[in-house]
Amino acid sequence: MLEDHAKIAALINQTGGISGRKKLQKAVYIFQRLGYPFQQIFHFHFSGPYSEELSIQLEELCDFGFLIEDREDRNEEEETCFYRLSEAGEGFLTHYKNVLPTVRRLTEQVMNQNTWFLEAVAILLYFDYLPRIEAIEKAKALNNESVGENLEHVLAFIDELHMLQSIEMPVSQ
Amino acid sequence: MVLTRSFQKLNEEKVFKDPVHRYIHVRDRLIWDLIGTPEFQRLRRIRQLGTTFLTFHGAEHSRFGHSLGVYEIARRVIDIFKYRNHWDDSETMIALCAALLHDVGHGPFSHSFEKVFGTNHEEYTQKIILGDTEIHRLLEEQGEGFAEKVADVIGKTYPNRLVVSLISSQIDADRMDYLLRDAYFTGVSYGHFDMERIWRVMRTQDDQIVFKFSGMHAVEDYIMSRYQMYWQVYFHPVTRSAEVILTQILHRAKVLYHEGFRFKYAPYPLIKIFKGEMTLKDYLKLDESVILYFFQAWQEEKDPILSDLCFRFMNRRLFKYVEFTPSLIESKDQLAGAFRDAGIDPDYYLEIDSSSNSPYDLYRPGEEGERQPIQLLMPDGTLHELSQESDVVGSITGKRRTDVKLYYPKDRVFDLPEHSPYRERIQEILGI
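Keep in mind that what you see is a predicted model, and the values were worked out from it rather than measured.

K.L.:
Explanation requested: the overall build of chain B in the structure shown.
P.N.:
Counting its secondary structure elements, chain B contains 24 helices and 9 strands. Expected size for 432 residues packed as a compact globule is a radius of gyration near 22 Å; at 24 Å, chain B falls within 12% of this value. Structurally, chain B occupies a C-alpha span of about 75 × 50 × 35 Å along its principal axes. When each of the 432 residues of chain B is scored for burial, the buried share is 45%. The contacts in chain B between residues at least 6 apart in sequence include a share of 67% that link residues at least 24 apart.

K.L.:
Can you walk me through the overall build of chain A in this structure?
P.N.:
Helix and strand counts for chain A stand at 7 helices and 5 strands. N-terminal to C-terminal, the α/β element order of chain A is α-β-α-β-β-α-β-β-α-α-α-α. The C-alpha atoms of chain A give 16 Å as radius of gyration, which agrees with the globular expectation for 173 residues (16 Å, within 12%). Put simply, chain A has 173 residues, and 41% of those count as buried.

K.L.:
What should I look at first to understand the packing of helix α4 (residues 92-101) of chain B against helix α8 (residues 146-154) of chain B in this one?
P.N.:
How two helices sit against one another is set out by the angle between their axes and by the gap between those axes. Residues and elements named next belong to chain B. Two elements in contact, α4 and α8, have axes separated by 9 Å at closest approach and are oriented at 60 degrees. With respect to each other, α4 and α8 are oriented oblique. The interaxial crossing formed by α4 with α8 has right-handed handedness. When α4 is examined against α8, the residues I94, A95, C97, A98 and L101 are found in contact with a partner set consisting of K149, V150, V153 and I154. Taken together, the residues of the contact of α4 with α8 sort by class into 8 nonpolar, no polar and 1 charged.

K.L.:
So what exactly am I meant to see when it comes to the sheet that holds strand β6 (residues 351-354) of chain B here?
P.N.:
Sheets are built from strands paired through backbone hydrogen bonds, the pairs being either parallel or antiparallel. All names here are of chain B. Taken in spatial order, the 3 strands make up an open sheet running β5-β9-β6, and their pairing is antiparallel. This sheet does not close on itself; its edge strands, each paired only once, are β5 (320-323) and β6. Within the sheet, the average angular offset between the axes of one strand and its neighbour, ignoring direction, is 35 degrees. In this structure, β5 lies alongside strand β9 (residues 404-408), joined through 4 bridges in antiparallel fashion. Residue pairing across strands places E323 opposite K405, the latter belonging to β9.

K.L.:
Teacher, can you tell me more about the sheet that holds strand β4 (residues 208-212) of chain B here?
P.N.:
All names here are of chain B. Spatially, β3-β4-β7-β8 is the arrangement adopted by the 4 strands of the open sheet, whose pairing is mixed. Across the chains shown, the open sheet's two edge strands, defined by having one partner strand only, are β3 (202-205) and β8 (383-385). Averaged over all neighbouring strand pairs, the angle between strand axes comes to 45 degrees, with direction disregarded. Looking at chain direction, β3 and β4 are connected through 4 bridges and run antiparallel. Looking at β4, one finds that M202 is bridged to F211.

K.L.:
What's the story with the packing of helix α5 (residues 104-111) of chain A against helix α7 (residues 132-168) of chain A in this structure? I'm lost.
P.N.:
Residue and element names in this part refer to chain A. Interhelical geometry of α5 versus α7 gives an angle of 160 degrees and a closest axis separation of 9 Å. Taken together, the axis directions place α5 and α7 in an arrangement best described as roughly antiparallel. Handedness of the crossing formed by α5 with α7: left-handed. Listed contacts from α7 to R105, L106 and Q109 of α5 are L161, L164, Q165 and E168. Here the residues of the contact of α5 with α7 sort into 3 nonpolar, 2 polar and 2 charged.

K.L.:
Looking at this structure, how should I read the environment of G148 of chain A?
P.N.:
Along the chain, G148 of chain A turns up in helix α7. Residues G148 of chain A and Y36 of chain A lie 112 residues apart in sequence; the distance between their C-alpha atoms is 28 Å.

K.L.:
Explanation requested: the interface of chain A and chain B in the structure shown.
P.N.:
Much of the literature gives interface size as the accessible area that the parts lose upon coming together. The partner chain B presents 23 residues to the 30 residues of chain A that form the contact. Within the residue set of the side of chain A that touches chain B, elements represented by two or more residues are α2 (21-33), β2 (43-45), α3 (52-64), α4 (87-93) and α7 of chain A. Ranked by the residues each element gives to the side of chain A that touches chain B, the list is headed by α3 of chain A, at 9 residues.

K.L.:
When you look at the environment of H106 of chain B in this model, what are you seeing that I'm missing?
P.N.:
Mapped onto the secondary structure, H106 of chain B falls in the loop between α4 and α5 (110-117). A sequence separation of 18 residues divides H106 of chain B from Y124 of chain B, and the C-alpha atoms of the two residues are 7.4 Å apart.

K.L.:
Whenever I open this one, unusual backbone geometry confuses me. Can you help?
P.N.:
Outside of glycine, negative phi angles account for most residues, and trans bonds account for most peptide bonds. Backbone geometry at N98 of chain A places phi at a positive 55 degrees, although glycine is not the residue there. As for its placement among the helices and strands, N98 of chain A is situated in the loop between α4 and α5.

So, how was this worked out
- Residues numbered from 1 in each chain as written.
- Chains lettered and ligands numbered in written order.
- Predicted model: local features only at pLDDT ≥ 70, side-chain atom pairs only at ≥ 80, totals over all residues.
- Helix = DSSP H or I, 4+ residues; strand = E, 2+ residues; numbered from the N terminus.
- Rg over C-alpha atoms; globule rule 2.2 N^0.38 Å.
- Buried ≥ 20, exposed ≤ 12 C-beta atoms within 10 Å, placed from the backbone.
- Contact = placed C-beta atoms within 7 Å.
- Axes fitted to C-alpha atoms, helices over the stretch in contact; angles between N-to-C directions.
- Parallel < 35°, antiparallel > 145°, perpendicular 65-115°, else oblique.
- Left-handed = near helix turned anticlockwise from the far one by under 90°.
- Nonpolar A, V, L, I, M, F, W, Y, C, P; charged D, E, K, R; others polar.
- Pairing = 2+ DSSP bridges.

And the structure:
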């Protein structure tokens, strides 16, 4: 019952809060690809992999009162939402032990990046069934803005994630 | 691209009589040949609305009819765009094939099936288009890479965003067809909107489809239809109850198979999927006729859970529900314990279903650039997001849109001895 919701709450708890739905979307997608047990189905949208299911689960967690949504101004025109666990959310999580693996370095490494960088990482991972050159071409054709600017860093970061994955999550290899 | 045999027009236009579009017109040999493939014909045996027929008895229509409908809408919209010189004709056949094939990967009762077995119909659509199939062979006859382009449009990874938007956006051929078709077959009075008016006010701008401000009311009507259909049909609590039972049957059958249970009616077509070894060929053999045959037969199995769940599904003895509240989380272990004490396995007879479980969605005005909102083209040439201009749409897009229910077999609970402690505990926790 509500295990998928619990995993999202656990991730937000582990990271001390997440700023922006987009960051959460990209992070969960990346974690899923790294073997974390997130079950949401992702499809390609305008800014890369996106899960409608995840978006609604986030709203449901807010409706239940397990998450607190604080609105923050990103700039004059845009605002973003910061999500953190409420006291009720902490109580909720006590019913779900070990829903997420404790892979601190891997989790931190992803969550320390900004949204735009994670967007590029997620897009390249989406096409990782293709040879790398083709994946880059495809990603650039669809979202040149985020992929093109960061390409070298993104590729190095993906390699680093896979290395950490092999250290911290050997079973999923 | 080389014009090959299949790009030829048919000698004579073919038509399908259709209750929604009156006629579906086929003029291209490729489209006609694709419709004739076994992979596409299989869609006749997959219902468009899964278990909804248990709530609205008319909802027996198939994904075959819907796929033809999406093709027809795409064809007519492309004609309008061509007339306005807003369309690159070299994309026409790619778009039409994508419209026709967008759902070809759906399996029997897809939604439940995917939850239990971890399959994904969109991935199967890609596999059918790109793998060893009759559809793939026909597409590749058009030239190398043609099949991949069609798959990319459906997967939303095609560089021409206008083509993708036609098949998949907030107002696309897919949604327009299913809203009208599902309203027609369920017999509900909502779900209707003036599609031709919407087509007339469609414009293209920067690779996206926008709508003239003067046509805002037609778009409002579409959004309201979507809203009504979501709550009244797609997310109907009784349909969800049937989905819950269907999911539990598949779960139980899988568990029993792995425990070495000797089925009276062995599920041969499902064994590969139970083992996680299903090939595309195996997948294509599955349809709802196959699944319902086993549900009918399994009512006679010795396993009381499997036979009871199948009896419930086949005879519409569905679970009842209570609204889920966060406080139920606090009592979830107690509730499961009381069910166990009463001899009712909570793993199969207690299930939470939430709106995130629905394959349908409501309109939302964008989400940090993730979802392209509906844009109105204002008289001064600027674009305004729909809910900013429309009071009607604005009033429903900012509202709470989640709904979570806890399903359980009320009949089993009330069959328990009246003053038994576990019955009282269950009644107290569920508030029934």
